[in-house]
Each structure stands twice: as structure tokens, then as C-alpha cells.
Amino acid sequence: MGFLKQVSDYAKESLQAAKYIGQGLSVTFDHMSRRPVTVQYPYEKLIPSERFRGRIHFEFDKCIACEVCVRVCPINLPVVDWEFDKATKKKDLKHYSIDFGVCIFCGNCVEYCPTNCLSMTEEYELASYDRHELNYDNVALGRLPYKVTQDPMVTPMRELAYLPKGVMDPHDLPPNARRAGQMPQEILEAAKAKETAEAKLEAKGDATKAD
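Residues numbered from 1 in each chain as written. Predicted model: local features only at pLDDT ≥ 70, side-chain atom pairs only at ≥ 80, totals over all residues. Heavy atoms only, no water.

How would you summarise the sheet that holds strand β3 (residues 79–85) if you had to cite specific residues and measurements?
The sheet built from three strands is open, its strands ordered β3-β4-β6 with antiparallel pairing. For this open sheet the edge positions go to β3 and β6 (135–137), each flanked by a neighbour on one side alone. Neighbouring strand axes in the sheet, compared pairwise and without regard to direction, differ in orientation by 20 degrees on average. The pairing of strand β4 (residues 90–99) with β6 spans three bridges and is antiparallel. Bridging across to β6, Ser97 finds its partner in Asp137. (Pairing = 2+ DSSP bridges. Helix = DSSP H or I, 4+ residues; strand = E, 2+ residues; numbered from the N terminus. Axes fitted to C-alpha atoms, helices over the stretch in contact; angles between N-to-C directions.)

Let's hear about the side chain of Glu44: which residues, and what values?
Relative to the assigned elements, Glu44 resides in strand β1 (residues 44–46). What makes Glu44 buried here is its relative accessible area of 13%. In this structure the side chain of Glu44 is engaged in a polar contact, spanning 3.3 Å, whose partner is the side chain of His171. Filtering out sequence-adjacent residues up to four positions away, Glu44 remains in contact with Thr38, Val39, Val154, Thr155, Met157 and His171. (Buried < 20%, exposed > 50% of the residue type's maximum accessible area, 1.4 Å probe, protein only. Polar contact = N/O pair within 3.5 Å; in protein donor to acceptor, adjacent residues only side chain to side chain. Contact = heavy atoms within 4.5 Å.)

Account for the pairing of β3, with residues named and values stated.
Of the strand pairs in this sheet, β3 and β4 are connected by seven bridges, and their pairing is antiparallel. Following the sheet pairing, Glu83 is matched in β4 by Asp92. Hairpin connection from β3 to β4: four residues lie between these consecutive antiparallel strands, with Lys89 at a positive phi of about 60 degrees.

Outline the layout of surface pockets, supporting the account with residue identities and numerical values.
In this structure, the largest pocket encloses a volume near 550 Å³. In this structure, the largest pocket is lined by 24 residues; those nearest its centre are Phe52, Met120, Thr121, Glu122 and Glu123. Here the second largest pocket defines a volume of roughly 230 Å³. Considering the residues around the second largest pocket, the lining is formed by Ile47, Pro48, Ser49, Glu50, Arg158, Glu159, Tyr162, Ala177, Arg179 and Met183. Here the lining of the second largest pocket is built from residues that sort into five nonpolar, one polar and four charged. (1 Å grid on protein atoms, 1.4 Å probe; cavity = no way out; pocket = protein on both sides within 12 Å on 5 of 7 lines; lining within 4 Å. Points joined across faces, edges and corners; volume = space filled by probe spheres on them. Nonpolar A, V, L, I, M, F, W, Y, C, P; charged D, E, K, R; others polar.)

Provide a residue-level description of the pattern of salt bridges, including the pertinent values.
Per the counting criterion, the structure on display carries eight salt bridges. The closest approach of N and O atoms between Asp9 and Lys5, which form a salt bridge, is 3.2 Å. Taken together, the residues Asp9 and Lys5, both in helix α1 (residues 2–32) and four residues apart, mark about one turn of the helix. Note that Arg55 is salt-bridged to Glu123, the shortest N-O span being 2.9 Å. In this pair, Arg55 sits in the loop between β1 and β2 (56–58) while Glu123 sits in the loop between β5 (118–120) and β6, placing the two residues 68 residues apart along the sequence. On the basis of relative accessible area, Arg55 is assigned to the buried category, the value being 0%. Using a relative accessible area of 14% as the deciding quantity, one classes Glu123 as buried. One network of salt bridges, with partners in common, ties together Arg55, Glu123 and Arg143. (Salt bridge = Lys/Arg side-chain N within 4 Å of Asp/Glu carboxyl O.)

Shape descriptors only; they carry no functional weight alone.
Structure representation (C-alpha cells):
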């Protein structure tokens with residue numbers, strides 16, 4: 001009886017081991033037919049979203065040195081160096097800098113700038129061996145970055161949120177494939193059409209009351 005029980009247990013364990021090996025191999029074979037979802041950076045890069053907050057761009061000629069960006073910054077980060085010009089009775093901007101080693105990319109400076117001399121770019125590759133190199137002056141801030149979609153050395157990839165419905169892998173996706181949801185300009189056009197229709201209805205109602 002003892003021998004038969006040992007044979008029975010050995011057979012059960014063998015079947016269970018074969019079952020687990022089969023389950024593992026089924027997962028392996030299933031993934032062998034799929035493309036990897038990994039982005040092969042830096043040869044492939046994801047296209048940032050429309051409202052991505054990357055490195056700040058600064059236009060020296062537009063700045064009036066009002067220092068609103070400094071006041072709305074949670075850490076008073078931008079450094080605005082100016083002199084008062086007695087002849088024109090205006091501030092004369094001398095130097096402008098932002099330290100991206102400290103910046104939290106909240107976008108308040110861009111949001112409240114009265115002359116729109118500040119804007120967010122798509123640049124996110126700010127790694128440096130020396131953190132002092134992250135202190136950008138007005139010359140470095142004035143440089144516009146290369147767009148991912150215009151860089152011939154890079155294959156642009158869509159983020160998951162911008163893939164067509166049901167698509168999980170951006171590889172081999174046609175460039176004209178429709179993304180999920182509405183484009184920003186389509187949302188604006190729909191809002192304008194709605195406003196126009198409401199204005200027409202309101203005008204029609206006023207005309208009816210006048211009659």
C-alpha cells in the first residue's frame with residue numbers, strides 16, 4: 001500500500017508540474033507573436049501632449065521687466081535684471097534667467113505673463129552632469145527646441161492616450177491614423193457652432209417678442 005501511495009503521489013506531482021510548465025510556455029508563446037510596447041529611446045520618442053509643460057521659452061524683445069513672473073512663481077525663481085531708463089521712463093531689461101534645477105514647471109509664469117514672452121515647449125531632456133548648467137540665461141531660454149515630429153534622427157511615437165480606439169501599440173501605426181477623441185480645433189469649432197446657434201435662437205426669440 002505504501003508503494004502504491006508513493007507512485008500515486010509521484011504521478012499527481014508530475015501532472016501538476018507538467019500543467020505549470022504548459023501554463024508558462026503558453027504565456028511565452030503568446031508574447032512571441034506580439035510587438036514590444038517599449039519605446040527604444042533615444043531612437044524612438046513619444047510625442048508630448050498639446051499641454052505638455054517642458055522647458056520654458058523666453059522672448060527677450062517682448063519682455064517689459066514687469067516681474068509678474070517672479071511674483072506668481074511659488075519659489076520666486078525667475079531672475080529679472082533691469083535698469084530704469086530716465087529718457088524713455090521705462091524699464092530696460094538687461095538679463096533674464098531661470099534655474100531649471102529648481103523650477104517645478106507649474107506654468108504660472110507663462111499663464112500670467114502680460115506680454116506672452118514666456119511659453120512652454122516640448123523639451124524635456126534637461127539632464128546634465130552639473131546642476132549649474134541648468135541655470136538658463138535669456139540666450140539659452142530664447143532657443144527653440146527641435147520638435148520630435150521634425151527630427152529626422154528620431155521615430156516619433158504616439159502616447160497611449162493619442163492612439164486610435166482599441167490600439168495599444170504605436171509601432172507600425174500609419175501617420176494619418178485617427179486618434180481617439182476629438183482634436184482641440186474640433187472642440188473649438190463645436191463650441192463656436194454652439195455659440196452661434198444659441199445667438200441665433202436668442203435673436204429669434206427677441207424678434208418674436210418684438211412682434
